[in-house]
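A look at the structure
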Amino acid sequence: MTPKKSIVWFEEVTKDDIGLVGGKGANLGEMVNANFPIPYGFIITSSAYFDFVKENRLSNKIKDLLQIVNYENPHELQQASSHLRELISQSETPHYLVKQIVSYYEQLLIKEELHFKKKLTSLDKGVQTIRHLYDNPLVAIRSSATAEDLPGASFAGQQETFLNVKGETLLLKKIKDCWSSLFTERAIYYRKQQGFDHMKVGLAVVVQRMVQSDKSGIAFSVDPISADRNKIVIEAIYGLGEYIVGGKVTPDHYEVDKRSLVVTKKEIKKQHIMLKKYNNTNRELRLSAEQGKKEKLSDTEILKVALLVKDVENHYFFPQDIEWAIEKDRVYIVQSRPITTLKSKKSQESKLAKSSNSLPILVGSPASPGMGVGPVTIIFSPKEIHKINSGDILVAPQTNPDFVPAMRKAAAIVTEKGGRTSHAAIVSRELGIPAIVGADRATKLLKGGSVVTVNGSTGEIFKGGSLKPAQKTLTSREKEKPMQKNLKTVTKVYVNLAEPDQAGKIAKKDVDGVGLLRAEFMIAHIGIHPKEFIRKNQQFLFVNRLAKDLATFARVFYPRTITYRATDFRSNEYRNLKGGDHFEPHEENPMLGYRGAFRYVSNPEVFRLELDAIKKVYALGFDNLHLMIPFVRVPWELVKVKEIVQNQGLMDLVGFKLLIMVEVPACALNLEEFIKIGIDGVSVGTNDLTMMLLGVDRDNEEVASIYDERNPVVVNVLRNIIRTCTKYNVTSSICGQAASDYPELVEELVKEGITSVSVNPDAIERTREQIYEIEKKLFKNLKKGSK
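Residues numbered from 1 in each chain as written. Predicted model: local features only at pLDDT ≥ 70, side-chain atom pairs only at ≥ 80, totals over all residues. Heavy atoms only, no water.

1. Structural notes on the sheet that holds strand S2 (residues 41–44)
For clarity, the cut-off: Two strands make a pair as long as DSSP finds a minimum of two bridges between them. Helix and strand definitions follow DSSP, with helices as H or I runs of at least four residues and strands as E runs of at least two, each counted in order from the N terminus. Every angle, taken between N-to-C directions, lies between 0 and 180 degrees, and every axis is a line fitted to C-alpha atoms, over only the stretch in contact when it is a helix.
In space, the 5 strands of this open sheet follow the order S1-S2-S5-S3-S4, with antiparallel pairing throughout. Edge positions in the sheet fall to strand S1 (7–9) and strand S4 (161–165), since each of these pairs with one other strand and no more. Direction aside, neighbouring strands of the sheet carry axes that sit 20° apart on average. As judged from the 3 bridges shared by S1 and S2, these two strands associate in the antiparallel manner. Looking across to S2, one finds that Ile-7 is bridged to Ile-44.

Here you go:
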């Protein structure tokens, strides 16, 4: 390609052609060549723009005016911008370029069909060609600055975009409007601040087949707020995407785990208006209350967008900010650019010093992290930006990029509308200014001149100057202080334990007992296979050693509950014990083999030793030790196990309880039958249950990315387990790793009515505090409902 080429098709350029077609154009070409679903089009290159400037002798006029303007004076900047844009609008587009643009425009749809190799019969091709020659296609016209999307720079929203453009005359006019948008106030001001030479920044114009979006939005391949690279963030609205980019409506917000593609968060926002093509014009349409409150994307659509986002990031090897659209159930990528606002290090933030009863006066969506304090100044349009003084809290219905000169002065920014991916949010993050968007009725609830504290990381606004830099750094002990209140929760918080040496230390924590006491570690410390003791007629040694360890837990936690899970060694693990080679079978798949309840039934000798150890603990006076049976597959296993427990005399012990682990899908889906046999409670082992529900080995690196306890199938099964337990008045708990790793899953289960959660020792305090807050919210809602 020669550098002087005036127009190119998308596939003629790649990401290396930014100098010719700008960042937007280069990325569209790159993605077309990589076979991503891109609405097809062509690009009027920066060479054409520079030729236009040269032929109309505009260089000196532009240079002279920009040399004398006071960039910090909004009025002067507005006058300069208006004069330069008028200058470009009145200039003539070179005749040769007009002919080329019209020719490319006429070929657009035919070229798209040829490029994507659509199968047409020869008759169809003739009809299609005639139609395309005489039908003017609807196009979107987008500006693409040649310095755009360089590291450290984001030109978000500084140049114009025009949608649903039809006909040669309007097309040529809008191209000139794009060129002139290189000299909007915000674009001029931004280039000055970034040190870009006005005369060296060119503008390419992208002409792209118009997608009539049923739904549209923006997606980030990493979380732009927390810089979490394991998360995909998607925001969505009904209609054309201009209303999400411009912050005119507040979008739905979805978060997806990048590894497993499980949807981890949904925030549904009510949409009142949308932008759609209506009788060849773009018209704002009102949505019915019923439609506006619906979830914008189905789970399938979220997955389709997330997969594309993941693929685009993998292609570029760099986090991406992507605009997408859905037309007739097909997802298109409208553009993609690198995210330029991620922080390399987590900045140290000052902490809010607030009393225990201090509550935010307003809450929105966090858009740019950090905290700011200052007096509120409310403005409703860019014409009022002169009202903003250094250190003010800028409050507006919506913040578009025209506000940038004022935003630079603000201590923080608050808008009533917009999402975390709007231009206002992007620019705020680049400027490093705390920002909150979607704070409903902010211009009414916040009073001009009043001092507030804005926390851009949490979306909270507090009355007064609550920021106290003296508390920036807290010691570990200070951080733990709020946790030492021994908060009371209806949902019990248990701990998972295995090592007797840790029992005393953990028992001092704010924990209601042990929800999972693993037998395997204690038996591994004994080091000898239980059957070896039986062979030597030394069963009493095994029973005494196990009883001693169990009594250690029962004593330090007394009277709090200890739930002992009977041995769940797999055959390959048991074989590692001394003598194990003589007693354990060789299995191809030990996970689904000789283990759990079936082992106790088919060979009960070892199980009886465990039961004798439990009886010894009761004989010492500790009646807080209960038994849980792992890996129960079918009801008859539980019947047989219960007979063994009964025959050993445990069912007669005062206070003794029998529980089962729910790990096998057959047990989870048929739980009523197991409960009817007679048990006191269940605890869900999410590790095995998730593996079997999803058909994936989490220890196999080839497929481990599919494993995720937050998968909707797993969550639905967990909900059904809790509901069944509630129906039959037996306790329900969860003791797998998920309870410690995923607070959002714990929240779902607490809302469903789970009676306890059992977590790792390091998660006790945060889980207790989280459950306390969830229950407080639930009780508050119940009180409201009863009034």
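Read on, since the account is not over.
2. Overview of empty space enclosed by the protein
Note the threshold: Buriedness for pockets is judged along seven lines, at least five of which must meet protein on both sides within 12 Å for an open set on the 1 Å grid over protein atoms alone, while cavities are sets there where a 1.4 Å probe fits but cannot get out, and lining residues have an atom within 4 Å of a point. Grid points are joined across faces, edges and corners, and a volume is the space filled by probe spheres set on the points.
Summed over all chains, the structure comprises 9 cavities of 30 Å³ or more. In this structure, the largest cavity occupies an estimated 180 Å³ of space. If you trace the largest cavity, you find 21 residues lining it, with Arg-142, Ser-213, Gly-241, Ala-325 and Val-334 closest to the centre. Secondary structure elements with two or more residues in the lining of the largest cavity: strand S3 (139–145), strand S5 (203–209), strand S6 (215–220), helix H9 (242–245) and strand S12 (320–327).

3. Quick notes on the nonpolar core
We count it as follows: For this analysis, a nonpolar core means a set of buried residues of the types Ala, Val, Leu, Ile, Met, Phe, Trp, Tyr and Cys, connected via side-chain atoms within 4.5 Å. Per-residue accessibility, obtained with a 1.4 Å probe over protein chains only, is compared with the maximum for each type, and a residue is labelled buried under 20%, exposed over 50%, and partly exposed between these values. The contact criterion used throughout is that any non-hydrogen atoms of two residues lie within 4.5 Å.
Counting 92 residues, the largest nonpolar core has Phe-42, Ile-44, Leu-171, Trp-179, Phe-183, Ile-234 and Leu-394 as the members making the most contacts within it. Of all the elements, helix H11 (residues 299–316) adds the most residues to this core, at 7 residues. Sequence-distant contacts of Phe-183, that is, excluding residues within four places in its chain, are made with Tyr-49, Ile-62, Leu-66, Ser-81, Leu-84, Arg-85, Ile-88, Ile-188 and Arg-191. Counting 87 residues, the second largest nonpolar core, distinct from the first, contains Phe-607, Leu-609, Leu-625 and Phe-631.

4. A look at the sheet that holds strand S26 (residues 658–662)
In any sheet, the strands associate via hydrogen bonds between backbone groups, in a parallel or an antiparallel arrangement. The strand order across the open sheet built from 8 strands is S28-S27-S26-S25-S24-S23-S22-S29, with neighbouring strands paired in parallel fashion. Either end of the sheet is taken by a strand with one partner, and the two such strands are strand S28 (731–734) and strand S29 (756–759). Sheet twist, expressed as the mean angle between neighbouring strand axes with direction ignored, is 25°. The pairing of S26 with strand S27 (residues 681–684) spans 4 bridges and is classified as parallel. Directly across from Ile-660, in S27, lies its bridge partner Val-682. Contacts from helix H17 (residues 519–526) reach strand S23 (513–518) and strand S24 (561–565) within the one sheet, and its direction differs from that of S23 by about 50°.

5. Digging into unusual backbone geometry
The residue after Tyr-558, namely Pro-559, is reached through a cis peptide bond having omega 5°. Here Pro-559 lies in the loop between helix H19 (539–557) and S24. Residue Asp-329 is not a glycine yet carries a positive backbone phi of 70°. By secondary structure assignment, the location of Asp-329 is in the loop between S12 and strand S13 (330–338). In this structure Asp-329 comes out as exposed when scored by relative accessible area, which is 60%.

6. Some words on H19
To keep things clear, this is the line we draw: To estimate the expected span of a helix, subtract one from its residue number and multiply by 1.5 Å.
Over its 19 residues, H19 extends 27 Å from the first C-alpha to the last, a length consistent with the 27 Å expected when each residue adds 1.5 Å. Among all positions of H19, only Phe-542, Val-543, Leu-546, Ala-547, Asp-549, Leu-550, Ala-551, Thr-552, Phe-553, Ala-554 and Phe-557 are buried.

7. Side note on the packing of aromatic side chains
For the record, the criterion: Only Phe, Tyr and Trp rings take part, Trp by its six-membered ring, and two of them pair if their centres are within 6.5 Å. Stacked means planes under 30 degrees apart, edge-to-face means over 60, and tilted covers everything else. Criterion for a charge above a ring: Arg CZ or Lys NZ at most 6 Å from the ring centre, at most 35 degrees from the ring normal.
Overall, the coordinates contain 14 aromatic pairs when judged by the stated rule. Here the aromatic rings of Trp-9 and Tyr-40 are separated by 5.7 Å at their centres, their planes lie at 10°, and the arrangement is stacked. With Trp-9 in strand S1 and Tyr-40 in the loop between helix H1 (18–33) and S2, the pair connects residues that are 31 residues apart, well separated along the chain. Members of the aromatic cluster, joined through ring pairs, are Trp-9, Phe-10, Tyr-40, Phe-42 and Tyr-104. Positioned above the aromatic ring of Phe-631 is the side chain of Arg-595, whose terminal nitrogen or guanidinium carbon lies 3.7 Å from the ring centre.

8. Focus on the confidence of the model for the protein chain
The condition that has to hold: Confidence of the predictor at the level of single residues is given by pLDDT, which spans 0 to 100.
Here the protein chain shows a mean pLDDT of 85. Residues at 70 or above account for 88%. Here residues 148–153 scores under 50 on pLDDT; set against residues more than four positions off or in separate chains, the count is 20 contacts. Note that residues 468–484 has pLDDT below 50 and, in this model, 14 contacts with residues that lie over four places away or in other chains.

9. Overview of helix H23 (residues 635–647)
The criterion, for reference: Think of the arc as the fan of directions from the helix axis to the C-beta atoms.
Taking 1.5 Å as the rise per residue, H23 with 13 residues should run 18 Å; its terminal C-alpha atoms sit 19 Å apart, in good agreement. Of the residues making up H23, those classed as buried are Glu-637, Leu-638, Val-641, Ile-644 and Val-645. For H23, the angular spread of the buried residues around the axis is 120°, confining them to a single face. Where H23 is buried, its residues meet helix H21 (596–602), helix H22 (605–619), strand S25 (625–629), S26 and helix H25 (671–678).

10. Notes on the layout of surface pockets
Counted only if it meets this: In this classification, Asp, Glu, Lys and Arg are treated as charged, Ala, Val, Leu, Ile, Met, Phe, Trp, Tyr, Cys and Pro as nonpolar, and every other residue, Gly included, as polar.
Approximately 1,500 Å³ is the volume found for the largest pocket. Considering the residues around the largest pocket, the lining is formed by 40 residues, among which Thr-264, Lys-265, Glu-744, Glu-747 and Glu-748 are closest to the centre. Mapped by element, the contributors of at least two residues to the lining of the largest pocket are strand S8 (252–257), strand S9 (263–267), H11, helix H27 (712–727), helix H29 (743–752) and helix H30 (764–786). The leading source of residues in the lining of the largest pocket is H30, at 9 residues. Among the residues forming the lining of the largest pocket, the class breakdown is 14 nonpolar, 7 polar and 19 charged.

11. A look at a nonpolar patch on the surface
Formally: Patch membership requires over 30% relative accessible area and the absence of a salt bridge. Like charges are linked within 9 Å, and nonpolar side chains (Val, Leu, Ile, Met, Phe, Trp, Tyr) within 5 Å. Using the Shrake-Rupley algorithm and a 1.4 Å probe, accessible areas are obtained, with residue cover drawn only from the displayed protein chains. Salt bridge criterion: a side-chain nitrogen from Lys or Arg within 4 Å of a carboxyl oxygen from Asp or Glu.
A surface patch of nonpolar side chains, about 330 Å² in accessible area, is lined by Val-490, Phe-779 and Leu-782. Position of Phe-779 among the secondary structure elements: in helix H30. On the basis of relative accessibility, which here comes to 42%, the residue Phe-779 falls in the partly exposed class.

12. Observations concerning the environment of Leu-487
Among the structural elements, Leu-487 can be located in the loop between helix H15 (476–480) and strand S22 (492–497). Residue class for Leu-487 comes out buried when judged on its relative accessible area of 16%. Along the backbone, Leu-487 and Asp-510 are 23 residues apart, and their C-alpha atoms lie at a distance of 8.1 Å. In this structure, Leu-487 is in contact with Asp-510, Arg-768, Glu-769 and Tyr-772, ignoring residues within four places of it in sequence.

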